[in-house]
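Observations on the three-dimensional arrangement
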Amino acid sequence: MLTRRIIPCLDVKAGRVVKGVSFVNHRDAGDPVALAAAYDAAGADELVFYDITASSDERAIMVEVVERAAAQVFIPLTVGGGLRTVEDMYRMLRAGADKVSINTAAVLNPQLIEDGAKRFGSQCIVLSVDARRVNAPGEPPRWAVFTHTGANPRPTGLDAIEWIRRGVELGAGEICINSMDADGQKTGYDLELLRAVSAAVPVPVIASGGAGTPEHMYQGIAEGHADAVLAASIFHFGEYTIADVKRYLGERGIPVREVAP
Amino acid sequence: MSIAVINYGAGNLPNVVRALRHVDADLTVTDDPAVVLSATAVVLPGVGATADTMRSLEALGLAAVLPQVVAMGRPFLGICVGMQVLLRASEEFGPHPCLGIVGGTVRRLPDSAGKIPQIGWNQVRYAPPFASHPLFAGIPDGSDFYFVHSYYCDVDDPTIVAGRTEYGLVFPSVIIRDHLAAVQFHPEKSGRCGLQLLRNFATLAGSRSRVSASPGAVSREER
């Protein structure tokens, strides 16, 4: 039976993990490669490196980080952040990434999804979408796509569900849907959003934004119909281990990959 | 004693090479039919479509050579599409012939399976006659491996099916015939179980440079 995936996400800037990670007493808790290896050993099913680097010099560092990680960690690795061209994607895939995740660049140039899928295969292209609820209270739920999330998110005018459908038509092989309303709140994923996305497209959906407990991850899968759950701080700060989450899910009938003791 | 890892442009070639190096396999990356013919063992990686892969193998003069190295009894490992092209034919993007080393047809996973492609970790159950096969040494029955595929190998001869996986239907995820082995999953992305399978293959092929741990033992660094 296909298992549901648990995916830790590491934010990397200039080759260092930001928002430090304290779950492991490693000599270098800021080294993304050491952390990737630690998460692999802890039973992560996949890893995401999200590059929040601004300059192109720093982006070259990311290529080295991916190369070093790929030589040591033999589970699927997705790299996202700042990839604007097919050539950017190629550099990361050649360095050892299995998939690339695109967000703002795809909104600005949807052709990038199709070009990437044609060159590398749909299985390499993850469309990442930041969505915020925009319906008035009492209205049916509706979500809009934003880019440059952070202090000054920019509205795109795109409806999230329509954009995701289009992205899959263009060749995106997976969707990572991040609820801006839930992100950082630790109150659970936006289950309505997850359900709407899962119902809209035939490709795997990765839930992102809002997980604070294993129960939230269970809800994302059982009620939101997500194929995978992505989380950062819940794991990084050692609140829960991957094994804790897998035990919780397994006890409730969700198939998970067994973590070797 | 070197394994020829065939370079025909497959997207997973670099990661297959990294994983084989990690388990101390001696290898040569090559697209030269003469090198493949003289290698002690062969690994055929693969990602993508069978038709594209066949075109690439034919253009490089490898399509004629691969059946020869298998017939000569050289240890051979096909991975994902590198497994699928071993069959007689594929239905992907219109029926077309493949290498014909193994009887059977490459067919699409049933829509009833749910999402296609299958992406993620799924269990491999050993066929009883293969449960103690050295390719599986140190890997418990029912272990999870990482799959990314829309098509599967519908193999004619059930006696060569060494491992099976369920996704909408039960399909052959490992075939073994004499020194020929092929896997539908990606051992290079299947964590310690995948590395162990590659280590076992390299050991069978006599192509490990530094045999530091006994086959079957999984050291901590490799997890």
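The structure contained in this document is the topic of the report that follows. All values derive from a computational prediction rather than experimental measurement.

Residues and elements named next belong to chain B. Spatially, β6-β5-β7-β11 is the arrangement adopted by the four strands of the open sheet, whose pairing is mixed. Of all the strands in the sheet, just β6 (96-97) and β11 (151-155) have a single pairing partner and so form its edges. Bridge analysis of strand β7 (residues 102-108) against β11 gives five bridges, and the strand direction is antiparallel. Pairing of R107 across the sheet is with Y152, part of β11.

Looking now at the interface of chain B and chain A. Across the contact, 25 residues belong to chain B and 34 residues belong to chain A. Both faces considered, chain B and chain A share a buried interface measuring about 2400 Å² in area, 52% of it formed by carbon and sulfur atoms. On inspection of chain B and its partner chain A, the count reaches two salt bridges. As a salt-bridge pair, B:K189 and A:D98 come within 2.8 Å of each other at their nearest N and O atoms. Put simply, chain B and chain A have 15 residue pairs in polar contact (both at pLDDT 80 or more) between them. Mapped by element, the contributors of at least two residues to the side of chain B that touches chain A are α1 (13-22), β8 (118-123), β10 (144-149) and α6 (191-204) of chain B. Looking at which element gives the most residues to the side of chain B that touches chain A, the answer is β8(B), with six residues.

Here we come to the environment of B:I176. Residue and element names in this part refer to chain B. Tracing the chain through its elements places I176 in strand β13 (residues 170-177). Residue class for I176 comes out buried when judged on its relative accessible area of 5%. In this structure I176 touches F130, H133, L135, F136, I160, A162 and A181, once residues within four positions along its chain are discounted.

Glancing now at the nonpolar core. Residues and elements named next belong to chain A. With 79 residues, the main nonpolar core has F49, I175 and I177 as its most contacted residues. Sorting elements by how many residues they give to this core places helix α6 (residues 160-170) first, with six residues. Those residues in contact with I175 that sit more than four places away from it in its chain are L127, I164, V168, V197, V201, V203, P204, V205 and I206.

Below, the discussion takes up the sheet that holds strand β3 (residues 41-44) of chain B. All names here are of chain B. Strand order in the open sheet formed by eight strands is β2-β1-β3-β4-β14-β13-β12-β9, and the pairing between neighbours is mixed. Pairing within the sheet leaves two strands with one partner each, and these edge strands are β2 (27-30) and β9 (125-126). Of the pairings in the sheet, the one linking strand β1 (residues 3-6) to β2 comprises four bridges and is parallel in character. Opposite I3, over in β2, you have L27 as the bridge partner.

Moving on: the layout of surface pockets. In this structure, the second largest pocket occupies an estimated 1200 Å³ of space. Every residue lining the second largest pocket is counted, 48 residues in all, and those nearest its centre are A:D11, A:Y50, A:N103, A:D130 and A:T149.

Turning next to helix α1 (residues 32-42) of chain A. The α-helix winds at 3.6 residues per turn, so residues separated by three or four positions along the chain end up facing the same way. All names here are of chain A. Across the eleven residues of α1, eight count as buried, placing the element largely inside the fold. Every buried residue of α1 is listed here: P32, V33, A34, L35, A36, A38, Y39 and D40. Along its buried surface, α1 packs onto β1 (5-13), β2 (16-17), β3 (47-51), α2 (56-70), α9 (233-236) and α10 (242-251). One side-chain oxygen at the N-terminal end of α1 lies 3.1 Å from the backbone nitrogen of V33; it belongs to D31.

As a further point, take the side chain of A:S198. Residue and element names in this part refer to chain A. Within the secondary structure, S198 is located in helix α7 (residues 191-200). At 3.2 Å, the side chain of S198 and the backbone oxygen of H225 are in polar contact. When sequence neighbours within four positions are dropped, the list of residues in contact with S198 reads V205, G224, H225 and A226.

Before going further, it helps to spend a moment on the state of the cysteines. Residues and elements named next belong to chain B. Under the criterion given, the structure shown has zero disulfides over all chains. Unpaired in this structure, C98 has its nearest cysteine sulfur neighbour in C153, at a distance of 8.9 Å. In this structure C98 comes out as buried when scored by relative accessible area, which is 10%.

In this section: the pairing of strand β14 (residues 180-183) of chain B. Residue and element names in this part refer to chain B. Here β14 shows a buried face lined by L180 and A182 and a second buried face lined by A181 and V183. Pairing geometry for strand β4 (residues 76-79) and β14, over four bridges, is parallel. Counted as the bridge partner of F76 is L180 from β14. In terms of strand pairing, β13 meets β14 through four bridges, oriented antiparallel. Following the sheet pairing, I175 is matched in β14 by A182. Hairpin geometry of β13 and β14 is characterised by an intervening segment of two residues between the two adjacent antiparallel strands and by a positive phi of about 55 degrees at D178.

Rules used in this analysis
Residues numbered from 1 in each chain as written. Chains lettered and ligands numbered in written order. Predicted model: local features only at pLDDT ≥ 70, side-chain atom pairs only at ≥ 80, totals over all residues. Heavy atoms only, no water. Pairing = 2+ DSSP bridges. Helix = DSSP H or I, 4+ residues; strand = E, 2+ residues; numbered from the N terminus. Contact = heavy atoms within 4.5 Å. Buried area = accessible area lost by both parts, 1.4 Å probe. Salt bridge = Lys/Arg side-chain N within 4 Å of Asp/Glu carboxyl O. Polar contact = N/O pair within 3.5 Å; in protein donor to acceptor, adjacent residues only side chain to side chain. Buried < 20%, exposed > 50% of the residue type's maximum accessible area, 1.4 Å probe, protein only. Core = buried A, V, L, I, M, F, W, Y, C linked by side-chain atoms within 4.5 Å. 1 Å grid on protein atoms, 1.4 Å probe; cavity = no way out; pocket = protein on both sides within 12 Å on 5 of 7 lines; lining within 4 Å. Points joined across faces, edges and corners; volume = space filled by probe spheres on them. Disulfide = S-S within 2.5 Å.

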